[in-house]
Amino acid sequence: MTCAFFLLNGAFAAARARRRELGTLLCLGWPRRAIFTVLLGELALLGLLAGLLGAALAAAIVMAFALDVSLLRTLLVVPIALLLPVLAGLVPALRASREVPLAAVAPPVVARTSVRSVRGLGGLVLANLARVPQRTLVGVLGLAVGVAALTLIVGIDRAFQGTLVGTLLGNAILFRTSGLDFVALAVVIGLAACSLADVLFLNLRERAAELVTLRTLGWRQRHLAQMVALEAAGLGLAGGLTGALLGLALGLLLGVSAPPLLGAATVAAAGGVLVALLASLLPLSRLSGLTAPVVLAEE
């Protein structure tokens, strides 16, 4: 699910970054269904290549470690890798194909938007996160999935020493937490961190002119870095709390006792904020490159 959110964020970003290009094609007479097909076809091609590469890597691991897994089963990842990007790209491709051609081509300065005053750094951070709500929501949900899984697995491990027995589902299944579960969990949280870093990086890139203006008005590098760090903390706090509550609810539904779950939820929520702050390090490293000549050249 986290991978799907990551792909959804990438699909939204790709469609948004190519807004003028797609608007130009619409002005030149391209039908909307062609724009939709092109965007979805690109994602499908990337998914197919990723699936083939993943299947080849899995087959190499199976042969290298002599695992008891059929090589044919490694090919099952290909249709999944093909389907995930297509499903994730349906909404972004549909929105891009429905753009008004002239509005898509017009520069952002021409667009008339509602303006409201912002007071303080906290208000500016909230306003920045609310500029592209779907992007913020995708990043928060991706982190929430990882935090919920961490809450559930750690809570079960602490409550039952790794085995879920004698509970609501105990007669039907035997759930054992193992090292592989935590490895898979680390991969999920890693993907969530990449998604958050992508959200912050795209926000910075689209606000490059604004950040240069703030520098011109007297803002220092540390002020901008503080703003980005607070945005990351806001994403981490929203995703961490949402995931912790979700994991807590699922754990209680499965019959796990509350005290271990509460401890796991607290640790997982704090970990979500930490992951978001770590994810902000890469976007923060790009702040020094945002100078007036660079931004004007890109414009």
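Look a little higher up for the structure.
Residues numbered from 1 in each chain as written. Predicted model: local features only at pLDDT ≥ 70, side-chain atom pairs only at ≥ 80, totals over all residues. Heavy atoms only, no water.

Check the secondary structure of the protein chain and you find 13 helices and two strands. Every one of the 299 residues in the protein chain was classed for burial, and the buried ones make up 36%. Sequence-distant contacts, at least 24 apart, represent 81% of the contacts inside the protein chain between residues at least 6 apart. By element, 71% of the accessible surface of the protein chain is carried by carbon and sulfur atoms, the whole surface being about 16800 Å². (Helix = DSSP H or I, 4+ residues; strand = E, 2+ residues; numbered from the N terminus. Buried < 20%, exposed > 50% of the residue type's maximum accessible area, 1.4 Å probe, protein only. Contact = heavy atoms within 4.5 Å. Areas by Shrake-Rupley, 256 points an atom, 1.4 Å probe, with all protein chains shown as cover.)

This next bit is on the pattern of salt bridges. In this structure the tally under the stated criterion is three salt bridges. The salt bridge partner of glutamate 210 is arginine 131, with a shortest N-O separation of 2.7 Å. Linking glutamate 210 in helix 9 (residues 208-216) with arginine 131 in the loop between helix 6 (120-129) and helix 7 (133-160), this pair joins segments that are 79 residues apart in sequence. A residue is classified by how much of its surface remains accessible, and glutamate 210, at 23% relative accessible area, is partly exposed. (Salt bridge = Lys/Arg side-chain N within 4 Å of Asp/Glu carboxyl O.)

With that settled, the discussion passes to a nonpolar patch on the surface. A cluster of nonpolar side chains, contributed by Leu45, Leu48, Leu49, Leu52 and Leu82, occupies part of the molecular surface with about 420 Å² of accessible area. Following the sequence through the fold, leucine 82 ends up in helix 4 (residues 77-97). On the basis of relative accessible area, leucine 82 is assigned to the partly exposed category, the value being 33%. (Patch = residues over 30% accessible without salt bridge, like charges linked within 9 Å, V, L, I, M, F, W, Y side chains within 5 Å.)

This paragraph deals with the side chain of serine 97. Topologically, serine 97 is positioned in helix 4. Once residues lying within four places of it in the same chain are set aside, the contact partners of serine 97 are Arg32, Ile35 and Phe36.

With that out of the way, let us pick up the nonpolar core. Within the largest apolar cluster, 28 residues are counted, with the highest numbers of intra-cluster contacts made by Leu143, Leu196, Leu211, Leu224, Met227, Leu235 and Leu287. Breaking this core down by element, the ones donating at least two residues are helix 6, helix 7, helix 8 (179-206), helix 9, helix 10 (221-254) and helix 11 (258-279). Among the elements that take part in this core, helix 8 stands out by supplying seven residues, more than any other. When sequence neighbours within four positions are dropped, the list of residues in contact with methionine 227 reads Leu121, Leu124, Val125, Asn128, Arg207, Leu211 and Trp219. One finds Ala15, Leu22, Leu25 and Ala96 within the second-largest nonpolar core, a separate group that totals nine residues. (Core = buried A, V, L, I, M, F, W, Y, C linked by side-chain atoms within 4.5 Å.)

Close contact between helix 9 and helix 10 brings their axes to 10 Å; oriented N to C, the two are set at 140 degrees. As judged from the angle between their axes, helix 9 and helix 10 are oblique. Between helix 9 and helix 10 the crossing geometry is right-handed. Contacts between helix 9 and helix 10 involve Leu211, Leu214 and Arg215 from the first element and Gln221, Leu224 and Met227 from the second. Split by residue class, the contact of helix 9 with helix 10 holds four nonpolar, one polar and one charged. (Axes fitted to C-alpha atoms, helices over the stretch in contact; angles between N-to-C directions. Parallel < 35°, antiparallel > 145°, perpendicular 65-115°, else oblique. Left-handed = near helix turned anticlockwise from the far one by under 90°. Nonpolar A, V, L, I, M, F, W, Y, C, P; charged D, E, K, R; others polar.)

On the secondary structure map, threonine 74 appears in the loop between helix 3 (32-65) and helix 4. On the accessibility criterion, threonine 74 (9% relative accessible area) is buried. Excluding residues within four positions of it along the chain, threonine 74 makes contact with Ala55, Ala58, Ala59 and Val62.

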